[in-house]
Amino acid sequence: EAQVTQNPRYLITVTGKKLTVTCSQNMNHEYMSWYRQDPGLGLRQIYYSMNVEVTDKGDVPEGYKVSRKEKRNFPLILESPSPNQTSLYFCASSLDGSYEQYFGPGTRLTVT
Amino acid sequence: EDKVVQSPLSLVVHEGDTVTLNCSYEVTNFRSLLWYKQEKKAPTFLFMLTSSGIEKKSGRLSSILDKKELFSILNITATQTGDSAVYLCAVEGKNSGAGSYQLTFGKGTKLSVIP
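Computed from a predicted model, the values in this text were never measured in an experiment. (Residues numbered from 1 in each chain as written. Chains lettered and ligands numbered in written order. Predicted model: local features only at pLDDT ≥ 70, side-chain atom pairs only at ≥ 80, totals over all residues. Heavy atoms only, no water.)

K.L.:
Give a detailed account of the nonpolar core, specifying residues and quantitative values.
P.N.:
Tyr25(B), Leu33(B), Trp35(B), Tyr87(B) and Leu111(B) are the most contacted members of the largest nonpolar core, which has 21 residues in total. Setting aside its immediate chain neighbours within four residues, Leu33(B) contacts Cys23(B), Tyr25(B), Phe47(B), Met48(B), Leu49(B), Leu65(B), Ser72(B), Cys89(B), Ala90(B) and Val91(B). Listed in part, the 19 residues of the second largest apolar core include Val21(A), Val66(A), Tyr89(A) and Leu109(A). (Core = buried A, V, L, I, M, F, W, Y, C linked by side-chain atoms within 4.5 Å. Buried < 20%, exposed > 50% of the residue type's maximum accessible area, 1.4 Å probe, protein only. Contact = heavy atoms within 4.5 Å.)

K.L.:
Go over the pattern of salt bridges with me, naming the residues and quoting the values.
P.N.:
By the definition in use, this model includes six salt bridges over all chains. Between Arg44(A) and Asp38(A) there is a salt bridge, with its nearest N and O atoms 2.9 Å apart. Exposure remark for Asp38(A): the relative accessible area of 10% places this residue in the buried category. A salt bridge links Asp83(B) to Arg60(B), with the nearest nitrogen and oxygen atoms 2.8 Å apart. Linking Asp83(B) in the loop between β8 (71–76) and β9 (85–95) with Arg60(B) in the loop between β6 (56–58) and β7 (61–66), this pair joins segments that are 23 residues apart in sequence. In this structure Asp83(B) comes out as buried when scored by relative accessible area, which is 4%. It is possible to trace a salt-bridge network through shared partners that takes in Lys18(A), Lys65(A) and Glu79(A). (Salt bridge = Lys/Arg side-chain N within 4 Å of Asp/Glu carboxyl O. Helix = DSSP H or I, 4+ residues; strand = E, 2+ residues; numbered from the N terminus.)

K.L.:
An account of the interface of chain B and chain A is requested, with residue identities and associated values reported.
P.N.:
Contacts between chain B and chain A engage 22 residues on the former and 24 residues on the latter. Three residues, Gln102(B), Leu103(B) and Phe105(B), lead the burial of chain B against chain A; their summed loss comes to 26% of the area buried on that side. Our count for the contact surface shared by chain B and chain A stands at zero salt bridges. If you look at where chain B meets chain A, you find three residue pairs in polar contact (both at pLDDT 80 or more). Of all the elements in the fold, those that place two or more residues in the side of chain B that touches chain A are β4 (32–38), β5 (44–49), β9 and β10 (100–105) of chain B. (Buried area = accessible area lost by both parts, 1.4 Å probe. Polar contact = N/O pair within 3.5 Å; in protein donor to acceptor, adjacent residues only side chain to side chain.)

K.L.:
Just give me the short version of the pairing of strand β1 (residues 3–7) of chain B, but keep the residues and values in it.
P.N.:
Residues and elements named next belong to chain B. Of the two faces of β1, only one is covered, namely that formed by Val4 and Gln6; the face formed by Lys3, Val5 and Ser7 stays uncovered. Summarising the sheet, β1 and strand β3 (residues 19–26) pair through five bridges and their orientation is antiparallel. Paired with Lys3 across the two strands is Glu26, which belongs to β3. (Pairing = 2+ DSSP bridges.)

K.L.:
An account of the pairing of strand β6 (residues 54–57) of chain A is requested, with residue identities and associated values reported.
P.N.:
Note on strand geometry: in a regular strand, side chains alternate between the two faces of the sheet. Residues and elements named next belong to chain A. Examined bridge by bridge, strand β5 (residues 42–51) and β6 share four bridges and lie antiparallel to one another. Looking at β6, one finds that Tyr47 is bridged to Lys57. Linking β5 to β6, which pair antiparallel, is a turn of two residues; within it Glu53 sits at a positive phi near 65°.

This is the structure in structure tokens:
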């Protein structure tokens, strides 16, 4: 089954404790992206990747890192999480940026 | 900075009504406009529009793009309670810094269909 998976689905952590949210797709898509969704602000792009080893900042990259060492995986790293990073995070992938994006199920992160 | 504005923000209709959702945009080097439906989970893709004046249709949903006036509409006819969701509009534009494309989302229109 074609899908985008994210782990964990829910995470509660404390300020400053490094964490990684994994994202994996099995569709051989070149384009992958991370978004955060906050009430009243909609979906905002954090980082995206056009292909392996090619990443670029989206609209709200501060406080996040990404890597794309393999085509299928695109982890999101928060080196020192802060409460303002409490949000719902979505990973998405597509054949390239102009095709429909398939979204993962979301990761709800709470930073206390 | 790329901008996507959706209206209305929220809409309540009765089953059977027809609704029109609006999306206007300002984007550098426009490539495509996409509509998504989001229920209590991840967004799911509805339409991608790249050319003006060509209607895309799927069942009771249809959408059209006007590249001259920089907007798109999503129509839903004979609404059902299952259409209740947030409808997101996203526009793909070129990131002048890196030369690559990225999506900018609007804040969404929350549609509630009551029996």
